[in-house]
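# Summary of structural features
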Amino acid sequence: ETGVTQTPRHLVMGMTNKKSLKCEQHLGHNAMYWYKQSAKKPLELMFVYNFKEQTENNSVPSRFSPECPNSSHLFLHLHTLQPEDSALYLCASSQDTSVVPKNIQYFGAGTRLSVL
Amino acid sequence: AQSVTQLDSHVSVSEGTPVLLRCNYSSSYSPSLFWYVQHPNKGLQLLLKYTSAATLVKGINGFEAEFKKSETSFHLTKPSAHMSDAAEYFCVVSDAGGYNKLIFGAGTRLAVHP
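On a predicted model such as this, the values are computed, not experimentally measured, just so you know. (Residues numbered from 1 in each chain as written. Chains lettered and ligands numbered in written order. Predicted model: local features only at pLDDT ≥ 70, side-chain atom pairs only at ≥ 80, totals over all residues. Heavy atoms only, no water.)

### Re the pairing of strand E5 (residues 31-38) of chain B
Residue and element names in this part refer to chain B. Heads up, the condition is: With a 1.4 Å probe rolled over the protein chains alone, any residue whose accessible area is under 20% of its type maximum counts as buried; one over 50% counts as exposed, and the rest are partly exposed. Strands are runs of DSSP state E lasting at least two residues, helices are runs of H or I lasting at least four, and both sets are numbered from the N terminus onward. In this analysis, strands are considered paired if DSSP registers two or more bridges between them.
In terms of residue burial, E5 counts as a mostly covered element, since eight of its eight residues are buried. Because side chains alternate across E5, one face comprises the buried residues Pro31, Leu33, Trp35 and Val37, and the other comprises Ser32, Phe34, Tyr36 and Gln38, equally buried. Looking at chain direction, E5 and strand E6 (residues 44-50) are connected through six bridges and run antiparallel. Across the sheet, the residue bridging to Leu33 is Tyr50, located in E6. The antiparallel hairpin formed by E5 and E6 contains five residues in its connecting segment, where Asn41 sits at a positive phi of about 60°.

Listed below in C-alpha coordinates is the structure:
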(Lines give C-alpha, C1' and ligand atoms only; values in the text may rest on other atoms or scores of the structure.)
Protein backbone atom coordinates (compact mmCIF):
# COMPACT_ATOMS: atom_id res chain seq x y z
CA GLU A 1 0.00 0.00 0.00
CA THR A 2 1.63 3.21 -1.18
CA GLY A 3 -0.96 5.67 0.12
CA VAL A 4 -2.22 6.43 -3.39
CA THR A 5 -5.58 4.88 -4.25
CA GLN A 6 -7.05 4.71 -7.74
CA THR A 7 -10.61 3.80 -8.65
CA PRO A 8 -11.91 2.00 -10.52
CA ARG A 9 -9.21 -0.63 -11.05
CA HIS A 10 -10.75 -1.70 -14.36
CA LEU A 11 -12.98 0.20 -16.75
CA VAL A 12 -14.54 -0.76 -20.07
CA MET A 13 -16.19 2.00 -22.04
CA GLY A 14 -17.54 2.67 -25.49
CA MET A 15 -16.26 5.47 -27.64
CA THR A 16 -19.31 7.63 -26.92
CA ASN A 17 -19.31 7.18 -23.15
CA LYS A 18 -18.22 9.67 -20.54
CA LYS A 19 -16.42 8.33 -17.51
CA SER A 20 -14.03 9.56 -14.83
CA LEU A 21 -10.97 8.09 -13.14
CA LYS A 22 -10.31 9.00 -9.56
CA CYS A 23 -7.07 9.22 -7.59
CA GLU A 24 -6.73 9.95 -3.90
CA GLN A 25 -3.54 10.28 -1.88
CA HIS A 26 -3.21 10.07 1.90
CA LEU A 27 0.42 11.17 2.09
CA GLY A 28 -0.03 14.89 2.63
CA HIS A 29 1.53 15.61 -0.75
CA ASN A 30 0.98 18.72 -2.84
CA ALA A 31 1.77 17.44 -6.34
CA MET A 32 -0.17 14.88 -8.33
CA TYR A 33 0.41 13.35 -11.74
CA TRP A 34 -1.39 11.34 -14.42
CA TYR A 35 0.58 8.90 -16.56
CA LYS A 36 -0.41 6.63 -19.44
CA GLN A 37 1.23 3.23 -19.70
CA SER A 38 0.70 1.46 -23.01
CA ALA A 39 2.07 -1.91 -24.03
CA LYS A 40 5.61 -1.76 -25.39
CA LYS A 41 5.93 2.00 -24.85
CA PRO A 42 7.66 4.03 -22.14
CA LEU A 43 5.55 5.59 -19.44
CA GLU A 44 4.04 8.84 -20.71
CA LEU A 45 3.48 11.80 -18.45
CA MET A 46 0.11 13.41 -19.18
CA PHE A 47 -0.59 16.08 -16.56
CA VAL A 48 1.02 17.57 -13.47
CA TYR A 49 -0.65 19.53 -10.70
CA ASN A 50 1.31 21.32 -8.00
CA PHE A 51 -0.64 22.93 -5.16
CA LYS A 52 -3.84 22.42 -7.23
CA GLU A 53 -2.47 24.33 -10.21
CA GLN A 54 -1.83 22.56 -13.48
CA THR A 55 1.84 22.96 -14.30
CA GLU A 56 2.16 20.56 -17.20
CA ASN A 57 -0.02 19.35 -20.02
CA ASN A 58 2.08 17.09 -22.19
CA SER A 59 0.17 17.71 -25.44
CA VAL A 60 -2.67 15.50 -24.29
CA PRO A 61 -5.79 15.40 -26.52
CA SER A 62 -8.76 17.37 -25.20
CA ARG A 63 -10.82 14.18 -24.81
CA PHE A 64 -8.83 13.80 -21.58
CA SER A 65 -9.74 16.47 -19.05
CA PRO A 66 -8.04 16.57 -15.62
CA GLU A 67 -9.44 18.10 -12.49
CA CYS A 68 -7.71 18.72 -9.19
CA PRO A 69 -10.19 20.09 -6.62
CA ASN A 70 -7.70 19.85 -3.76
CA SER A 71 -4.22 18.51 -3.14
CA SER A 72 -5.52 15.07 -2.13
CA HIS A 73 -7.74 14.32 -5.12
CA LEU A 74 -7.16 14.13 -8.83
CA PHE A 75 -9.64 13.16 -11.51
CA LEU A 76 -9.29 12.33 -15.18
CA HIS A 77 -12.51 12.90 -17.11
CA LEU A 78 -12.85 10.88 -20.29
CA HIS A 79 -15.14 11.46 -23.26
CA THR A 80 -15.30 10.26 -26.86
CA LEU A 81 -12.19 8.14 -26.44
CA GLN A 82 -10.57 6.08 -29.18
CA PRO A 83 -9.53 2.41 -29.02
CA GLU A 84 -5.87 3.50 -29.00
CA ASP A 85 -6.55 5.17 -25.65
CA SER A 86 -6.82 1.72 -24.07
CA ALA A 87 -4.00 1.55 -21.53
CA LEU A 88 -3.13 1.50 -17.85
CA TYR A 89 -3.56 4.96 -16.35
CA LEU A 90 -1.38 5.60 -13.37
CA CYS A 91 -1.66 8.33 -10.79
CA ALA A 92 1.26 9.45 -8.67
CA SER A 93 1.92 12.01 -5.98
CA SER A 94 4.96 13.71 -4.51
CA GLN A 95 5.60 16.25 -1.79
CA ASP A 96 5.91 18.89 -4.48
CA THR A 97 7.70 19.33 -7.81
CA SER A 98 10.91 20.86 -6.51
CA VAL A 99 14.23 19.14 -5.88
CA VAL A 100 14.88 15.60 -4.72
CA PRO A 101 13.73 14.17 -2.41
CA LYS A 102 10.56 16.25 -2.47
CA ASN A 103 9.76 15.23 -6.03
CA ILE A 104 10.03 11.48 -5.48
CA GLN A 105 6.80 10.05 -6.79
CA TYR A 106 4.59 7.40 -5.23
CA PHE A 107 2.25 5.54 -7.53
CA GLY A 108 -1.18 4.05 -7.31
CA ALA A 109 -2.02 0.63 -8.74
CA GLY A 110 -3.59 2.13 -11.85
CA THR A 111 -6.85 1.89 -13.76
CA ARG A 112 -6.87 -0.56 -16.65
CA LEU A 113 -8.98 1.13 -19.34
CA SER A 114 -10.39 -0.65 -22.37
CA VAL A 115 -12.12 1.41 -25.06
CA LEU A 116 -14.35 -0.61 -27.37
CA ALA B 1 18.01 16.94 -22.76
CA GLN B 2 17.70 13.98 -20.50
CA SER B 3 17.15 10.42 -21.60
CA VAL B 4 17.48 6.94 -20.21
CA THR B 5 18.15 3.69 -22.04
CA GLN B 6 17.52 0.29 -20.57
CA LEU B 7 19.72 -1.98 -22.57
CA ASP B 8 17.66 -5.17 -22.22
CA SER B 9 13.92 -5.45 -22.69
CA HIS B 10 13.89 -8.96 -21.17
CA VAL B 11 16.22 -10.68 -18.72
CA SER B 12 15.83 -14.27 -17.58
CA VAL B 13 17.70 -15.77 -14.62
CA SER B 14 17.49 -18.85 -12.46
CA GLU B 15 16.48 -18.57 -8.83
CA GLY B 16 19.52 -18.04 -6.64
CA THR B 17 21.70 -16.56 -9.40
CA PRO B 18 22.75 -12.90 -9.69
CA VAL B 19 20.59 -10.27 -11.38
CA LEU B 20 21.95 -7.46 -13.55
CA LEU B 21 19.61 -4.94 -15.17
CA ARG B 22 21.45 -2.34 -17.21
CA CYS B 23 20.65 1.34 -17.50
CA ASN B 24 22.49 4.19 -19.22
CA TYR B 25 21.43 7.80 -18.89
CA SER B 26 22.04 11.14 -20.50
CA SER B 27 21.61 14.34 -18.54
CA SER B 28 22.77 17.92 -18.90
CA TYR B 29 22.76 18.47 -15.16
CA SER B 30 23.74 16.49 -12.12
CA PRO B 31 21.11 13.80 -12.33
CA SER B 32 19.05 12.05 -9.75
CA LEU B 33 18.43 8.45 -10.69
CA PHE B 34 15.87 5.94 -9.55
CA TRP B 35 14.80 2.38 -10.06
CA TYR B 36 11.13 1.51 -9.81
CA VAL B 37 9.60 -1.97 -9.90
CA GLN B 38 6.15 -2.90 -11.18
CA HIS B 39 4.63 -6.25 -10.30
CA PRO B 40 1.74 -7.53 -12.43
CA ASN B 41 -1.42 -5.49 -11.98
CA LYS B 42 0.31 -3.18 -9.52
CA GLY B 43 1.57 0.38 -9.59
CA LEU B 44 5.23 1.35 -9.60
CA GLN B 45 7.16 0.99 -6.34
CA LEU B 46 10.36 2.89 -5.62
CA LEU B 47 13.27 0.45 -5.22
CA LEU B 48 16.11 2.88 -4.65
CA LYS B 49 17.35 6.36 -5.45
CA TYR B 50 20.65 8.13 -6.15
CA THR B 51 20.78 11.81 -5.25
CA SER B 52 24.50 12.75 -5.40
CA ALA B 53 25.51 11.17 -2.13
CA ALA B 54 27.15 7.72 -2.02
CA THR B 55 27.57 6.22 -5.48
CA LEU B 56 26.56 2.74 -4.31
CA VAL B 57 22.93 2.84 -3.35
CA LYS B 58 21.14 0.12 -1.45
CA GLY B 59 17.42 -0.38 -1.90
CA ILE B 60 14.68 -2.66 -0.76
CA ASN B 61 14.57 -6.43 -1.20
CA GLY B 62 18.35 -6.76 -1.48
CA PHE B 63 18.74 -4.68 -4.63
CA GLU B 64 21.49 -2.15 -5.12
CA ALA B 65 22.73 0.11 -7.89
CA GLU B 66 25.99 1.90 -8.57
CA PHE B 67 26.20 5.34 -10.12
CA LYS B 68 29.15 5.53 -12.53
CA LYS B 69 29.48 9.00 -13.95
CA SER B 70 32.33 8.10 -16.30
CA GLU B 71 30.17 5.40 -17.88
CA THR B 72 26.84 7.29 -17.48
CA SER B 73 25.43 4.09 -16.05
CA PHE B 74 23.20 3.14 -13.16
CA HIS B 75 22.91 -0.64 -13.31
CA LEU B 76 20.69 -2.54 -10.88
CA THR B 77 22.01 -5.69 -9.25
CA LYS B 78 21.02 -8.33 -6.75
CA PRO B 79 23.31 -11.17 -5.62
CA SER B 80 20.65 -13.86 -5.58
CA ALA B 81 17.34 -13.77 -7.43
CA HIS B 82 14.11 -14.84 -5.79
CA MET B 83 10.96 -15.94 -7.56
CA SER B 84 9.15 -12.89 -6.16
CA ASP B 85 11.59 -10.61 -8.03
CA ALA B 86 9.85 -11.40 -11.31
CA ALA B 87 8.47 -8.04 -12.43
CA GLU B 88 9.14 -5.11 -14.72
CA TYR B 89 11.87 -2.69 -13.69
CA PHE B 90 12.13 0.93 -14.76
CA CYS B 91 15.21 3.12 -14.66
CA VAL B 92 14.33 6.81 -14.22
CA VAL B 93 16.35 10.03 -14.48
CA SER B 94 15.51 13.46 -13.12
CA ASP B 95 17.68 16.52 -13.46
CA ALA B 96 18.69 18.41 -10.33
CA GLY B 97 17.78 21.87 -11.51
CA GLY B 98 14.42 23.51 -12.00
CA TYR B 99 11.30 21.48 -12.44
CA ASN B 100 12.09 17.83 -11.86
CA LYS B 101 10.33 15.90 -14.57
CA LEU B 102 10.97 12.18 -14.36
CA ILE B 103 12.07 10.50 -17.57
CA PHE B 104 11.32 6.77 -17.62
CA GLY B 105 13.14 4.06 -19.49
CA ALA B 106 11.19 1.56 -21.55
CA GLY B 107 11.47 -1.07 -18.84
CA THR B 108 13.14 -4.46 -18.41
CA ARG B 109 11.02 -7.49 -17.74
CA LEU B 110 12.76 -9.87 -15.34
CA ALA B 111 11.79 -13.52 -15.40
CA VAL B 112 13.02 -15.84 -12.63
CA HIS B 113 13.00 -19.58 -13.24
CA PRO B 114 13.12 -22.31 -10.59
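Right, picking up where we left off after that structure.
### Section: the confidence of the model for chain B
Note the threshold: How sure the predictor is of each residue is captured by pLDDT, a score from 0 to 100.
Overall, the prediction assigns chain B a mean pLDDT of 90, with 95% of residues at 70 or greater. Per-element averaging of pLDDT across chain B places strand E11 (residues 103-104) of chain B at the bottom with 88 and strand E3 (residues 19-21) of chain B at the top with 98.

### Overview of the packing of aromatic side chains
What counts, and what does not: Pairing of aromatic side chains here covers Phe, Tyr and the six-membered ring of Trp, requires ring centres within 6.5 Å, and sorts the geometry by plane angle: under 30 degrees stacked, over 60 edge-to-face, intermediate tilted.
The full count for this structure, using the stated rule, is 12 aromatic pairs over all chains. Where B:Phe34 meets B:Tyr36, the ring centres are 6.5 Å apart and the plane angle is 45°; that geometry is what we call tilted. Overall, the relative accessible area of 0% leaves B:Tyr36 in the buried class. Members of the aromatic cluster, connected to one another through ring pairs, are A:Tyr33, A:Tyr35, A:Phe107, B:Phe34, B:Tyr36 and B:Phe104.

### Focus: the state of the cysteines
Residue and element names in this part refer to chain A. For clarity, the threshold we go by: In what follows, a disulfide is any cysteine sulfur pair within 2.5 Å.
All chains considered together, the criterion is met by two disulfides over all chains. Two residues, Cys23 and Cys91, share a disulfide whose sulfurs are 1.9 Å apart. One disulfide, between Cys23 and Cys91, carries an S-S torsion of -75° and so falls in the left-handed class. With Cys23 in strand E3 (residues 18-25) and Cys91 in strand E9 (residues 87-94), this residue pair connects regions lying 68 residues apart in the sequence.

### Focus on the sheet that holds strand E7 (residues 64-70) of chain A
Residues and elements named next belong to chain A. The cut-off we apply is this: Fitting a line to C-alpha atoms yields each axis, with helices limited to the stretch in contact; the angle taken between N-to-C directions then spans 0 to 180 degrees.
Taken together, the four strands give an open sheet; going across it, the order is E1-E3-E8-E7, and neighbouring strands pair in antiparallel fashion. Each of the sheet's edge strands pairs with one partner strand only, and the pair in question is strand E1 (4-7) and E7. This sheet shows a mean twist of 20° between the axes of neighbouring strands, independent of strand direction.

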